[in-house]
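Observations on chain architecture
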Amino acid sequence: MRIPLDYYRILGLPLAASDEQLRQAYSDRIVQLPRREYSQAAISSRKQLIEEAYVVLSDPKQRSTYDQLYLAHAYDPDNLAAAAVALENRPESTKRGSDTQSLGIEITQEELVGALLILQELGEYELVLKLGRPYLVNKNGATSARKGNNLADEEIHESAEHPDVVLTVALACLELGREQWQQGHYENAAVSLETGQELLVREGLFASVQAEIQADLYKLRPYRILELLALPQEKTAERSQGLELLQNLLEDRGGIDGTNNDDSGLNIDDFLRFIQQLRNHLTVAEQHKLFEAQSKRPSAVATYLAVYALIARGFAQRQPALIRQARQMLIRLGKRQDVHLEQSLCALLLGQTEEATRVLELSQEYEALAFIREKSQDSPDLLPGLCLYAEQWLQHEVFPHFRDLANQQAFLKDYFANPQVQAYLEALPTDAETTNEWAVINPQYFPKPQTNNPPFPNNSTRNSGKFNHSRTPDLDLPETPEYSNFSPPMWNSSGSVKSEVPAAERTSRGTNEHLNGSAKSVTPGRNQKRRRRKPTPSAIRERVPDNRPHSRRPRRRRTFANTIEGKTRLVWRVFISLVSILVFWVLATTTFGWLKNLFFPTRSVPVFQLFVQVNQPPISIPDPYSKPQATDGPLTDATAEEVIRTWLSTKAEALGPNHEINNLEQILTGSALSQWRLIAQQDRSDNHYRKYDHSVKVESVEKIELFADRAAVVATVKEATQLYENGQFKNSSNDNLRVRYDLIRQRGKWRIQSTSVVNQIIR
């Protein structure tokens, strides 16, 4: 068998190497031994080839002849006459090692292992697979290899050197997979690793090498998932494989916020960043199925993500049943955090405007409430601002995290004009019944929200990120989703209360209004309140059975204050009283001042106030150690670096021994604030804390033309982490990451509203 090796490559030397370099290279190669799994025969075969190369090159005459042959092939491979003459002039003992057709050496089958070992040490992994294949394949009709040099289905010879050849081929697959991993070809790397593993499993050899390959496959799994799910949606087989790998990873880990060891090497922080990055590659249907299943573990993170998926899918595909299901899941989250803003938005999308306004008043999302009140200044209620906020929240905060909705527009008018939505909303209870239903459900099953320790703050800011998208076929969903955790609502019984206004009339009025935040923008529920017709006695009997205690409330005696005339008269009385008091106060103070000046006149002495003092400068001098104030102009590199450094120091304090979680609100907002607050609370409950050492270098600052108060910063962050559990050191890690920070300026201060890892820098 001829092997494409020359003596210089065997010793790792250049053609002009000196005798001293030759002796040193020979000594190093002899001392350097292969892995301990190799047999003594394989080590001897390798040593024999090294010694043969040293014997030829250490003899001046033989080396001169060999150099002629080497140069003839290197510079004139077509002129083989000189090479043949040089070969004839060599001693007989060294003729077998060369060939005039190619610069290589002839070896026996017993020496194959040694040659493959040398090629593997030189990094020629594909060549090792190519040369080891004829040896492993049966001569009597071997089947074709599988993709990626997969040898698992091929028939194998049995011989003394057979285990060594199998080991060499498997190690070549391992090293080739690692090389492809470094190049970013994760799926090809997995194929190479699985090829080597399947070969060893088939032969039942070298369990330690099998475990080493399996460990690499576990660490490679997150990279494979991202690569497969980022493929176009037309490649359904590959994306289905990625979803299957993701399910296996979550099972091994015990859920999104699970603590089991999945051998991926990702801690809780890294895994949450992985999930956040993964969401941009999943469709709304895929996220709905994934996070809804994970929320049943139970998992607060998965429940929160499932709510977003249900709302996005319900609005985009005109399925309000999904929004109703999201509202039920928010009730479960309500006992741990403040989710009144999301509950209000769900009620609005279900046409229950009075319930939406009532729940909104309970929210502690002050920035969102300020925006809603600002847009509702000319309206008697908060509906115009809430409608405008809902559209912008869906457009900038919800849709960008789904690959098939990233560029879709959100218009409430089109949503309520859909016949399917109108039919479903007609079957829902009225606002008053919904209020009674929530009042019964909340005290019975869920305690009051603990706002001082919320794992998921609401996202009041908006994100304008854009992603490629395509449409995904709808999955079959039940019309009315239900949870076993909740008792059936009272309005789901056979005697359900019907709406006082016919569906066609109520919906047509609601959808004809302009939902852009103006004073007249209303939803169907609001029109129902303003233009409600007086129900007939038969309708009242149909709605409210006689045996209910509250059935007689409509017949309650009306007082003077409840009539229109009485209210008007009362308002006028209060107004006239206030005006009279004001006039009396003005007259009294004027008369008193006149009498005082008349009987007790005083001489006015002009007093001049000095505006310049000796001990104070006329202009305030800022503290030299104070931080620079934020300007109204665009974000600069220096300010961006200062913001990121402030975030990293705040992160170290929040995840440190003292868990100063409240400081996160000073630098984070939106989804970043909810994510990191949850991580810090989880660490505090698990008695974990971390110590960080950071270094930052800003690479670029991207200004967004349409939004002057938004910017994107890409920076290289070196992060050294030490994890402590119960006060004892557990492990450490060093990461070199390229991170993208999405910044937004709020009240003159730049804050981080989302972060994503662009890639990991490997050295």
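Read on for a plain summary of the structure. These figures come from a predicted structure and were not determined experimentally. (Residues numbered from 1 in each chain as written. Predicted model: local features only at pLDDT ≥ 70, side-chain atom pairs only at ≥ 80, totals over all residues. Heavy atoms only, no water.)

**Notes on the overall build of the protein**
- Helix and strand counts for the protein come out as 28 helices and 6 strands.
- Within the protein, the proportion of its 763 residues that are buried is 47%.
- Considering only residue pairs separated by 6 or more positions, the protein has 68% of its internal contacts joining residues 24 or more positions apart. (Helix = DSSP H or I, 4+ residues; strand = E, 2+ residues; numbered from the N terminus. Buried < 20%, exposed > 50% of the residue type's maximum accessible area, 1.4 Å probe, protein only. Contact = heavy atoms within 4.5 Å.)

**Concerning the pattern of salt bridges**
- A complete count under the given rule lists 30 salt bridges for this structure.
- Where Glu212 meets Arg178, a salt bridge forms, and the shortest distance between an N and an O atom there is 3.0 Å. You can see Glu212 sitting in helix H10 (residues 207–229) and its partner Arg178 sitting in helix H8 (residues 162–182), a full 34 residues away along the chain.
- According to the relative accessible area criterion, Glu212 is partly exposed, its value standing at 24%.
- Of the residues examined, Arg178 reaches a relative accessible area of 27% and is grouped as partly exposed. (Salt bridge = Lys/Arg side-chain N within 4 Å of Asp/Glu carboxyl O.)

**Focus on the environment of Val191**
- Looking at the secondary structure, you find Val191 in helix H9 (residues 186–203).
- According to the relative accessible area criterion, Val191 is partly exposed, its value standing at 23%.
- For the pair Val191 and Cys173, spaced 18 residues apart in the sequence, the C-alpha separation amounts to 9.0 Å.

**Some details on the nonpolar core**
- In this structure, Ile256, Phe274, Leu278, Trp647, Leu668, Val713 and Tyr741 are the most contacted members of the largest nonpolar core, which totals 107 residues.
- It is helix H14 (residues 300–316) that provides the largest number of residues to this core, a total of 13 residues.
- Setting aside chain neighbours within four positions, we find Leu668 in contact with Trp647, Leu673, Trp676, Arg751 and Ile752.
- Listed in part, the 56 residues of the second largest apolar core include Leu117, Leu131, Leu136 and Leu167. (Core = buried A, V, L, I, M, F, W, Y, C linked by side-chain atoms within 4.5 Å.)

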